[in-house]
Amino acid sequence: MLSVRLPQNLERDLGALCERRGVTKTQVVQEALAEYLVAAKATDATPPPGEPDLSFLAPDDPIRPFIGIAKGGMSTDELMRLTRGDDWNQP
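A brief look at the structure comes next.

Parameters and conventions
- Residues numbered from 1 in each chain as written.
- Predicted model: local features only at pLDDT ≥ 70, side-chain atom pairs only at ≥ 80, totals over all residues.
- Heavy atoms only, no water.
- Patch = residues over 30% accessible without salt bridge, like charges linked within 9 Å, V, L, I, M, F, W, Y side chains within 5 Å.
- Areas by Shrake-Rupley, 256 points an atom, 1.4 Å probe, with all protein chains shown as cover.
- Salt bridge = Lys/Arg side-chain N within 4 Å of Asp/Glu carboxyl O.
- Helix = DSSP H or I, 4+ residues; strand = E, 2+ residues; numbered from the N terminus.
- Buried < 20%, exposed > 50% of the residue type's maximum accessible area, 1.4 Å probe, protein only.
- Expected span 1.5 Å × (residues − 1).
- Arc of directions from axis to C-beta.

**Topic: a nonpolar patch on the surface**
Here is step 1: Taken together, the side chains of Leu2, Val4, Leu6 and Leu10 make up a nonpolar region of the molecular surface, amounting to roughly 380 Å² of accessible area.
Here is step 2: The residue Leu6 is located in the segment before α1 (8–21) in this model.
Here is step 3: In this structure Leu6 comes out as partly exposed when scored by relative accessible area, which is 32%.

Structure below.
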């Protein structure tokens, strides 16, 4: 359980809103807090420096685990030489 003290003007506005909507103060505060936490989580989800930004992908996108795994690995030239030989990029 949590008790929160509100400034008088905020409590008055909250009470008026609840009367207009026919909901309880608890419902409004819970909904507002849930939205706040979702927004804060999204802000905290920014990747650390040097990590790829995957915000464009859905959370369950199957490609997610594979992004960045070659970091520090072979370059494209090295990989192509390995699979196709030294003259892979010659005219």
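**Some words on the pattern of salt bridges**
Here is step 1: Using the criterion set out here, one finds one salt bridge in the structure.
Here is step 2: Where Glu11 meets Lys25, a salt bridge forms, and the shortest distance between an N and an O atom there is 3.6 Å. Residue Glu11 is located in helix α1, and its partner Lys25 is located in helix α2 (residues 25–44); the two are separated by 14 residues in the primary sequence.
Here is step 3: Accessibility expressed as a relative area gives 39% for Glu11, which makes it partly exposed.
Here is step 4: Residue Lys25 is classed as partly exposed on the basis of its relative accessible area, which comes to 40%.

**Quick notes on α1**
Here is step 1: Between the first and last C-alpha of α1 there are 20 Å, a value that for 14 residues agrees with the 20 Å anticipated at 1.5 Å per step.
Here is step 2: Within α1, the full set of buried residues consists of Leu14, Gly15, Leu17 and Cys18. Projected down its long axis, α1 shows its buried positions confined to an angular sector of 165 degrees, all on one face. Those residues of α1 that are exposed and angled more than 90 degrees off the buried face are Gln8, Arg12, Glu19 and Arg20.
Here is step 3: Backbone geometry just downstream of α1 places Gly22 in the positive-phi region, at approximately 70 degrees.

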